[in-house]
Amino acid sequence: MRLIGVCGRSGCGKSIFCDIARQKGLVVIDCDKVYRELVSKPSQCLAELEIAFGNDIIENGALNRKKLASIVFNSAEKLALLNEITHKHIIDRVDEILSTCAEDSVVLLDAPTLFESGISDRCELIIGITASDEACVSRITERDNLTETQALERLSNQKSTEFFLENCDIIIYNETTLTDFKTASEEVLEELMQ
């Protein structure tokens, strides 16, 4: 099995890249989706988050993600605590999913916090998707219904573009048209499948 990390800042185009990979028959594990599943109902992860951040973050037995975001994204210390709690549960679930994959699978791990979680060390190759701050902000505000200030705040709490340029094996730029980005993504995926 080949485990390949996919990372980049919010709004860079990771989801589009991974959608193309799925269409080509590759296995994609979306760590954001894994996280949402872990906190959408009572779980060990949710219980630990409640202890750390208070019962105000729980609504109808599930995590109120906006409430938690308002607490952690203004504090590096609280964000680190959130990551410490969630990463171990996400990695455990990823390992469960990987155990069900065929030995000859190419598995893409779509993980916004690939490096922070340490799972990057298990990846054979890491693909970084990059876009300018301006492009990311535009996409985030439209997609997540955030203000420009909120989008910039989110980006400021993530690794920089320079970090991805220095630490990823392959970089795909998402700066021009969607067609150009899809073409570049297809080329990279075709090589991975050979």
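See the structure printed just above.
The rules behind these values
- Residues numbered from 1 in each chain as written.
- Predicted model: local features only at pLDDT ≥ 70, side-chain atom pairs only at ≥ 80, totals over all residues.
- Heavy atoms only, no water.
- Helix = DSSP H or I, 4+ residues; strand = E, 2+ residues; numbered from the N terminus.
- Rg over C-alpha atoms; globule rule 2.2 N^0.38 Å.
- Buried < 20%, exposed > 50% of the residue type's maximum accessible area, 1.4 Å probe, protein only.
- Core = buried A, V, L, I, M, F, W, Y, C linked by side-chain atoms within 4.5 Å.
- Contact = heavy atoms within 4.5 Å.
- Lys, Arg positive; Asp, Glu negative; His and termini not counted.
- Salt bridge = Lys/Arg side-chain N within 4 Å of Asp/Glu carboxyl O.
- Polar contact = N/O pair within 3.5 Å; in protein donor to acceptor, adjacent residues only side chain to side chain.

### Let's talk about the overall build of the chain
- Helix and strand counts for the chain come out as ten helices and seven strands.
- Taken against the 2.2 N^0.38 rule, which gives 16 Å for 194 residues, the C-alpha radius of gyration of the chain at 17 Å falls within 12% of a compact globule.
- Taken along the three principal axes of its C-alpha coordinates, the chain extends 50 × 40 × 30 Å.
- Counting across all 194 residues of the chain, residues that qualify as buried make up 43%.

### Quick look at the nonpolar core
- Residues Leu49 and Leu109 are the most contacted members of the largest nonpolar core, which totals 34 residues.
- For this core, the secondary-structure elements that each account for two or more residues are strand S1 (2-8), helix H2 (31-39), helix H3 (44-53), helix H4 (65-72), helix H5 (76-98), strand S5 (106-110) and helix H9 (161-167).
- Counting residues per element, this core draws most heavily on H5, which supplies seven residues.
- With near-sequence residues (within four places) excluded, Leu49 lies in contact with Tyr35, Val39, Gly54, Ile57, Leu63, Leu82, Ile85 and Thr86.
- Listed in part, the 26 residues of the second largest apolar core include Phe17, Ile20, Ala131 and Leu189.

### Topic: the side chain of Asp30
- Take Asp30: it is sitting in strand S2 (residues 27-30).
- One buried charge, Asp30, has no salt-bridge partner; the nearest side chain with opposite charge is Arg36, at 4.5 Å.
- In this structure the side chain of Asp30 is engaged in a polar contact, spanning 2.9 Å, whose partner is the backbone nitrogen of Asp32.
- Residue contacts for Asp30: discarding those within four places in its chain leaves Arg22, Arg36 and Asp110.

Any functional reading would require information beyond the geometric quantities listed.
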